[in-house]
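Next come the chains, spelled out residue by residue.
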Amino acid sequence: MKNILLLFLLSICFFSLATKNVYAADYGLSVTPPLLRVHIKPGKSITQVFTINNLSQGNQTLVARIVPFTEADDQGNPVLNPKSTAPWLGYFGLANSIIKFNEPFTVAAGATEQLILSLAVPDNAPLEDVYATLMISTYANSIDQGFQGAQLAATIGSNMLITISSAAFPDTILKIENFTPQANSLFKIGNLYFADSITPLTFTADVHNDGNFAAETKGVFRITQGNTPVYLEGILPVNVIGKSSRQLVNTDGQPFSFTPSLGQIGPHQITLEIKTDNSNTSNSITIVFLPLKLLIGLIVVVLIIIISVKITSVKPNHIPESGIDNQKQHL
Amino acid sequence: MKNEKYLYIVIAVAALVGTLIFFRPTKGYADLLVVSDTLSTSRLSVAARVLTINGNLVTIDPTTAAGFYSTSSANLKPQDSITINGGAQTVNNIENSTANQFTTTAAAPSGAVGNSIYYISQPVHQITFTTTTSVPAGFFRVLIPAGASTNNDGNPDPDGFDFNSMTSTYASASGTANIVFVTAATAATASGGTNCTAGYHCFEFHYTGTGNTGSTVTLWIGNATKSLVAPAPKSGHNLGAADAYTIKVQQFANASNPTGTPIDATNGKVALIEAVRVTATVDPIINFSITGVPASTTACGVSTTVATDTNSSTITPLSVPFGTLSLNTFATAAHNLVVSTNAANGYIVTAIENQKMGKDGLTTSTIPDATCGATPCTVTSAQNWNVATGYPGFGYSLESVSGATVPFTAGASFNARPFANNANLNGPTIIMSSTGIANSHIAHVCYRISVDATQAAGDYENQITYTATASF
């Protein structure tokens, strides 16, 4: 009896240990900072720590690499090609003792790891902007022959916009383009826009960087009547890399908008102004606000009144005098 | 003779002491006990003047003028509602590099030098005390120090509280069974008004009942809607040093003259000081997570047939294990993609497959990328894919679960695309994005596969890479 009990307990222990753990299949990683903006002179070097945190329930084997990019969309997202390369990639290195670029390293579940990125720009480096993304990817080095389906790889990236220049403020050439109002009740004659004076307007615009160095869009959206400002809105500061365009938006990330009041009638100048450290750029359009809807409303009201008056003032058909006489005679 | 002289001195001293004892001044009333005036905020108001305004950047005049003794931004904090020359503004940030600058959320109006900047602090006064005399059907009176002039215009004064057009509506009281307050009889009078001598704002709280000794009474002056405006810094105010004011609490008999001598009275002190601005730095960060979805879960408008949420010998994290496929039958799986970032310009998540699903991961025999239907879907154009027969392939659809912007959604007929294919030199495509900060944006990525009878038997696989980056 004792042996049977012992065997039973051992069996429980065996099956307990043999049972596979079940995990939620997950991946989670964070990186800080997600964006690095550096202005560095040739012959100088800097170090930046990137902190990565494994948010997964299991250990993660990761690999870090730097992928250069030269293009971005109008929302500030790089067009990445993992196979692309650039001569200046050699400026970058990892100062970690164990972790190297393009070599796998493991971060325990819930743990944090630091990537100590060094950037050393040689004395003879060309004066230019270099753009790259530090990519930290999941790593797998074997193919499961029996697997049927799609394997996922996850990457999290931190963009780096680096200006190599001897000047404190390298030349920036920004141009505001496609500055146009958007509204249904709007028409254009020549260079003048005409809009209803009580209908909200939105404005869209792009900024193009003709220069070779990234610039930041700090500025204001201003509406003036005469010389008096009637509306001001800040421009969301965004980075425009060289030879690229960005959409300009307000500080809430929305298109610029303006709702004129009833009394704001006449020409108004709408201006976008961007100031960089060494240059200013602006673009203006003129909109004439007219009480179009109000006039239409008044016309409709007047027409209704005229019609109503005409209808009510029509006399009823009366019997001709001769007819009355005939009736009287007949009676 | 000498003794006589000493006697006169003793008599004189005794007479003086006796006179002092006999004719000592008396208050004429007793003290209310344990009087306290607890302010809901001890923050001073701000009364400053504009030095310059440049767009959103406001510089406070560091010199004082009559009524304006706030000379720095020390008592302001982000999101404070203020007025500049009477116009409403919101403080955006305090410029730490200088002591007297701050920014506003909207461009401040071009301000002339000397225009007023006010931050109005409206603390609720909670006054508690214990009665020492049993006064039937009497009333309590609270006197709050008032500014010497313009003390009822709603703007902070440097020498007392502003009445702020208060009425008795904003005052309340709590007593005991023997002190039952009559709300309708509560009175609030600005300094210099009827029965309210200049120098103090007056509040009367009348009650019924027999009164009692040792009863704890609580009076409130102001509420969440309106209260007296706290003073701005006094003339000669030192930053970080409190400005103290004396309040008076009195108890009167029924129908007494409120300006007369109370039965009991006690003075109390309130002290106001600049707010302590606590600052902390939150690092910019981006989080990206992928979590599995169980089978039979509704995602992208369909019920998944394959689980991606468990880890076993056949189902590994970060995989879509379709398993054995039935001919001309859809198998569907899904993942949750979750992104959080405090980057101001938002984020994107892109996706790309390394190649078509190949037999044993190779490229000789492949499951085609999805064509969806008679009108083919492409990497950039989605089409409905709800018929398996005749349209074999591997593709995906999207569904925004929370916050995320996705380029297309599944809809009712599984609107789908093939993944961008690296082997075809496609660039990664954006599948999820935001143009601003994101707090746990979630999207479903739903994978679908179908094969027909011409598909060679074997194990097929490929690799899909998701990349999350912050926009710059």
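What comes next concerns the included structure. (Residues numbered from 1 in each chain as written. Chains lettered and ligands numbered in written order. Predicted model: local features only at pLDDT ≥ 70, side-chain atom pairs only at ≥ 80, totals over all residues. Heavy atoms only, no water.)

1. Comments concerning the overall build of chain A
- Along the backbone of chain A there are three helices and 21 strands.
- In chain A, which comprises 331 residues, the proportion classed as buried is 41%.
- Summarising the internal contacts of chain A: among those between residues at least 6 apart in sequence, 73% fall at separations of at least 24.
- In the form shown here, chain A has an accessible surface area of approximately 18,100 Å², with 58% of it arising from carbon and sulfur atoms. (Helix = DSSP H or I, 4+ residues; strand = E, 2+ residues; numbered from the N terminus. Buried < 20%, exposed > 50% of the residue type's maximum accessible area, 1.4 Å probe, protein only. Contact = heavy atoms within 4.5 Å. Areas by Shrake-Rupley, 256 points an atom, 1.4 Å probe, with all protein chains shown as cover.)

2. A few points about the nonpolar core
- Phe288, Tyr447 and Tyr466 of chain B are the most contacted members of the largest nonpolar core, which totals 74 residues.
- Considering each element in turn, this core owes the most residues, seven residues, to strand E9 (residues 149-164) of chain A.
- Counting residues in each nonpolar core, the second largest holds 31 residues, with Val35, Phe140, Tyr207 and Leu272 of chain B among its members. (Core = buried A, V, L, I, M, F, W, Y, C linked by side-chain atoms within 4.5 Å.)

3. Some words on the interface of chain A and chain B
- Tallying the contact residues gives 53 residues for chain A and 53 residues for chain B.
- Here chain A packs against chain B, burying approximately 4,400 Å² in sum over the two surfaces, 54% of which is carbon and sulfur.
- Linking chain A with chain B are 19 residue pairs in polar contact (both at pLDDT 80 or more).
- Counting only elements with at least two residues in the side of chain A that touches chain B, the list comes to strand E1 (26-32), strand E8 (129-138) and E9 of chain A. (Buried area = accessible area lost by both parts, 1.4 Å probe. Polar contact = N/O pair within 3.5 Å; in protein donor to acceptor, adjacent residues only side chain to side chain.)

4. Here we look at the environment of threonine 271 of chain A
Residues and elements named next belong to chain A.
- Relative to the helices and strands, threonine 271 resides in strand E20 (residues 266-275).
- On the basis of relative accessible area, threonine 271 is assigned to the buried category, the value being 8%.
- In this structure, the C-alpha to C-alpha distance between threonine 271 and phenylalanine 221, residues 50 residues apart in sequence, is 5.8 Å.
- If we ignore the near neighbours within four places in the chain, the residues touching threonine 271 are Phe179, Val220, Phe221, Arg222, Ser282, Asn283 and Ser284.
- Within polar-contact distance, the side chain of threonine 271 engages the side chain of serine 284 at 3.0 Å.

5. Let's talk about a nonpolar patch on the surface
- A surface patch of nonpolar side chains, about 1,000 Å² in accessible area, is lined by Ile198, Leu262, Leu294, Leu295, Leu298, Ile299, Val302, Leu303, Ile306, Ile307 and Ile311 of chain A.
- Summarising the element assignment, leucine 294 of chain A is placed in helix H2 (residues 292-313). (Patch = residues over 30% accessible without salt bridge, like charges linked within 9 Å, V, L, I, M, F, W, Y side chains within 5 Å. Salt bridge = Lys/Arg side-chain N within 4 Å of Asp/Glu carboxyl O.)

6. Side note on the state of the cysteines
Residues and elements named next belong to chain B.
- Applying the stated rule across the entire model yields three disulfides over all chains.
- Between the sulfur of cysteine 300 and that of cysteine 446 lies a disulfide, 1.9 Å long from S to S. Since a negative S-S torsion denotes a left-handed disulfide, the cysteine 300-cysteine 446 link at about 85° is right-handed. Residue cysteine 300 is located in the loop between strand E18 (298-299) and strand E19 (302-303), and its partner cysteine 446 is located in strand E29 (residues 438-450); the two are separated by 146 residues in the primary sequence.
- By relative accessible area, which is 1% here, cysteine 300 ends up buried.
- What connects to what in chain B, once the bonded cysteines are numbered by sequence position, is 1-2, 3-6, 4-5. (Disulfide = S-S within 2.5 Å.)

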